[in-house]
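Structural overview for review
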Amino acid sequence: MVIGAVAMLVLAVSVMASVSIGHGVYEKIKLQDAADAQAYSFAVKEARAYNFLAYTNRAMIVHYSAMLTVMSYVSHAVYLDQTVRVAASVLKVIPGIGAIFAAVEQAIRVWKTAVETVARVLIPILTGLNVALWLAQEAMMLGTVKDLFLAKDPNGVYQGTDPNARPGFVTSGSSLPDQETLDGNDIANFSNMKNFLHAIDDGPHSSETSFSLTDPTGLRQRSKLLKDNALSDPDMAKYRLLMGNLANAVRREWTAVGKGPFLIGRRWDLNLCILIGQVRIDKVADSQIKSFSETFEGNRKDQLFASDDVKIEARAGCFGIFPWKTLFELRFRAAADARDGFHQENGSTKTDRHHRWTGITPFLTSDTSFIKPWQNHFSYPCNIIILTKDMMPADDREDKPFHMENLSRNAFMEGQGSKKRDDPDEGIGGGFLDMTWQAVGGLNGERDVDAWAFRKKTGGMMAMAVGRAIYHRPGDWKEEPNFFNPLWTARLAPVKTHWEEKMLKAFIPEWDISDRDFSNALSY
């Protein structure tokens, strides 16, 4: 009977310990799953925001390319009007074939009117669409920042995974500069937002510990493009030149340098050698977005430029001995700018003012050259999620689950212990066997104040997870993160590589305790 009683006691303790451990592992897995799900959810939000910026930036580039194409049609129509149409107006008096030239003259006149009308209507529409796309970008940025900074559980992710999970800590002993009112979760949310904004150019710089709540994403900075738009401002010049070069890079050949058949095309040449010399006619074309300084011709800012030029040159002989001499030049140019635009014909003559264009509109771009890129993961934003769960008994009743305090009252250990849970010298040896979460991390004695503080701060259980938005072109990791290719995706990342160690220690003062105890092979 004695052996059986001892065996039953050991068996009961073993079963209850197994159940307690299983219960703890189950609760920990649920809490960690909730943290992982929330971290991944935030990373997906960041990746979607960046991909939205990429799609809208690409749409802007397409609009600029369409504007350049329209202006190319305008300059080419002016060229046809001043050359082929004028010639046809003279040749239409020839009997028999005059009707053909008259039809050509009328067709060119109608074509010129049509493309100029389209340009007057289409360019303001496309410009307005680009402004609308920029405002959509800013709305996406502000909405994502709001979710990362203010929302505790915007999509019900962790509550749907573990209803007992709660974000952050009960109390916090750390704070950021000028953020004394933030609790532990708000510190994490603040850092999540900062990491999300690190990759944004002209937003808060990664070296700053705080930022202006009146302009957290740099919206007011970018809006200068609609007002000042000065090349002397390096930020504005950077925006203008970047978007202008990208738009120029996607031009079609016909738009960029021209091509086409003799006489009616945008680019062709004619080379004749006669007895006394050589004559050549070069028809060239050019269409591009140009940027001017604020002191150039009353600050025309950016310009949609298109030209169709004709140059006639001659030289003595046909063997290249003598140099070419320019005999005649005709310039047929159309431009759209902030000064109402103009057609330029025959040198300095400017006619037909229209095609007003306000210039490059604001847009969001990425900055991979911020301070300490290795610390901020080279423009790969991260977000950290800290969830805690209250595992403490609901009250101080003696019939707590897995609580065997009766051993100290009426069993063989009766009268041997003080029955004080916070007495480190007692415990099981004093007749008290507690399998609840009240002793997690250590007993509640004066020598275990760190463990007591951890339980008070977390409720006895904590889980952390990090989500990361990464930029990856399949098969090639060399391309720098940018907002022009929608290649952003989400992943979970190791916690300790998220920020530098001092940031984690600000979140978790017990980090040093864990390092110390594990390094010394000690545990509670």
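1. What about the packing of aromatic side chains?
Counted under the stated rule, the structure contains 13 aromatic pairs. Plain terms: the ring middles of Tyr380 and Trp488 are 6.3 Å apart, the flat faces sit at 85 degrees to each other, and that makes the pair edge-to-face. One end of the pair, Tyr380, is in the loop between strand S7 (349-351) and strand S8 (382-390); the other, Trp488, is in strand S10 (residues 488-493), with 108 residues separating them in the sequence. Side by side, Tyr380 and Trp488 carry an identical accessibility label, which is buried. A ring pair is formed by Phe483 and Trp488, whose centres lie 6.1 Å apart and whose planes are at 50 degrees; its orientation type is tilted. Exposure class is identical for Phe483 and Trp488. Each is buried. Grouped by ring-pair contacts, the aromatic residues Tyr50, Phe196, Tyr380, Tyr471, Phe483 and Trp488 constitute a single cluster. Taking NZ or CZ as reference, Arg266 lies 5.0 Å from the ring centre of Trp254, over its face.

2. What about the sheet that holds strand S9 (residues 460-471)?
If you trace the four strands from one edge of the open sheet to the other, you get S1-S8-S9-S10, paired in antiparallel fashion. Two strands lie at the open edges of the sheet, namely strand S1 (166-167) and S10, each paired on one side alone. When S9 meets S10, the two strands line up antiparallel, connected through six bridges. By the bridge assignment for S10, Arg468 is matched with Arg491. Across the sheet, helix H1 (residues 2-82) lies against S8, S9 and S10, angled at about 25 degrees from S9, the strand it touches most. Of the strands in this sheet, S1, S8 and S9 touch helix H10 (residues 449-458), which is tilted by about 65 degrees from S9.

3. Topic: the pattern of salt bridges
As enumerated under the stated definition, the model contains 18 salt bridges in all. Notably, a salt bridge pairs Glu105 with Arg109, separated by 3.2 Å at the nearest N-O pair. Residue Glu105 and its partner Arg109 are both found in helix H3 (residues 98-149); the two are separated by four residues, about one turn of the helix. The class for Glu105 is buried, based on a relative accessible area of 9%. For the salt bridge of Lys389 with Asp162, the shortest nitrogen-to-oxygen distance reads 2.6 Å. Residue Lys389 is found in strand S8, and its partner Asp162 is found in the loop between helix H4 (157-161) and S1; the two are separated by 227 residues along the sequence. Per residue, the accessibility class of Lys389 equals that of Asp162, and both read buried. One connected set of salt bridges, linked through shared partners, spans Asp81, Arg85, Lys92, Glu105 and Arg109.

4. Overview of the pairing of S9
Judged by how many residues are buried, S9 sits mostly within the fold: twelve of twelve residues are covered. Sheet analysis places S8 next to S9, joined by nine bridges and oriented antiparallel. Bridging across to S9, Ile385 finds its partner in Ala465.

5. Some thoughts on helix H7 (residues 234-249)
Three- or four-residue spacings in an α-helix give side chains the same orientation, since the helix completes a turn every 3.6 residues. Taking 1.5 Å of rise per residue, the 16 residues of H7 would be expected to cover 22 Å, and the 22 Å separating its terminal C-alpha atoms lies within 8% of that figure. Met236, Ala237, Tyr239, Arg240, Met243, Gly244, Ala247 and Asn248 are the residues of H7 that are buried. Taken down its axis, H7 places every buried residue within 165 degrees of arc, on the same side. Residues of H7 that are exposed and point more than 90 degrees away from the buried face comprise Pro234, Asn245 and Ala249. Taken together, the buried residues of H7 touch H1, helix H6 (219-222), strand S3 (277-291) and strand S4 (302-316).

6. Let's talk about the state of the cysteines
In this structure the tally under the stated criterion is one disulfide. A disulfide bridge connects Cys273 with Cys318, and the sulfur atoms are separated by 1.6 Å. On the sign convention where negative is left-handed, the bridge of Cys273 and Cys318, at about 115 degrees about the S-S bond, is right-handed. Of this pair, Cys273 sits in strand S2 (residues 268-273) while Cys318 sits in the loop between S4 and strand S5 (325-336), placing them 45 residues apart in sequence. Judged by its relative accessible area of 48%, Cys273 falls in the partly exposed class. Relative accessible area serves as the criterion here: at 23%, Cys318 is assigned to the partly exposed category.

7. Some words on the confidence of the model for the protein
In this model, the protein carries an average pLDDT of 80, and 77% of its residues clear a pLDDT of 70 or more. Mean pLDDT across the elements of the protein bottoms out in helix H9 (residues 407-410) (50) and peaks in helix H8 (residues 253-256) (94). For the stretch residues 172-182, pLDDT sits under 50, and the model shows 18 contacts to residues farther than four places along the chain or on other chains. Per-residue pLDDT stays below 50 along residues 410-414; that stretch engages in nine contacts with residues further than four places along the chain or on separate chains.

8. Remarks on the environment of Gln288
Along the polypeptide, Gln288 turns up in strand S3. Overall, Gln288 belongs to the partly exposed group, its relative accessible area being 23%. Along the primary structure Gln288 and Arg251 are separated by 37 residues, whereas in three dimensions their C-alpha atoms are 8.3 Å apart. Residues within four places of Gln288 in sequence aside, it is in contact with Leu68, Asn248, Arg251, Gln303, Leu304 and Phe305. Only 2.8 Å separates the side chain of Gln288 from the side chain of Asp286, close enough to count as a polar contact.

9. Let's talk about the environment of Met391
Checked against the element boundaries, Met391 lands in the loop between S8 and H9. C-alpha separation for the pair Met391 and Val440, spaced 49 residues apart in sequence, amounts to 9.5 Å. Setting aside its immediate chain neighbours within four residues, Met391 contacts His23, Glu27, Trp437, Gly459 and Met461.

The rules we used
- Residues numbered from 1 in each chain as written.
- Predicted model: local features only at pLDDT ≥ 70, side-chain atom pairs only at ≥ 80, totals over all residues.
- Heavy atoms only, no water.
- Phe/Tyr/Trp six-rings, centres within 6.5 Å; stacked < 30°, edge-to-face > 60°.
- Helix = DSSP H or I, 4+ residues; strand = E, 2+ residues; numbered from the N terminus.
- Buried < 20%, exposed > 50% of the residue type's maximum accessible area, 1.4 Å probe, protein only.
- Lys NZ or Arg CZ within 6 Å of the ring centre and 35° of its normal.
- Pairing = 2+ DSSP bridges.
- Contact = heavy atoms within 4.5 Å.
- Axes fitted to C-alpha atoms, helices over the stretch in contact; angles between N-to-C directions.
- Salt bridge = Lys/Arg side-chain N within 4 Å of Asp/Glu carboxyl O.
- Expected span 1.5 Å × (residues − 1).
- Arc of directions from axis to C-beta.
- Disulfide = S-S within 2.5 Å.
- pLDDT = per-residue confidence, 0-100.
- Polar contact = N/O pair within 3.5 Å; in protein donor to acceptor, adjacent residues only side chain to side chain.

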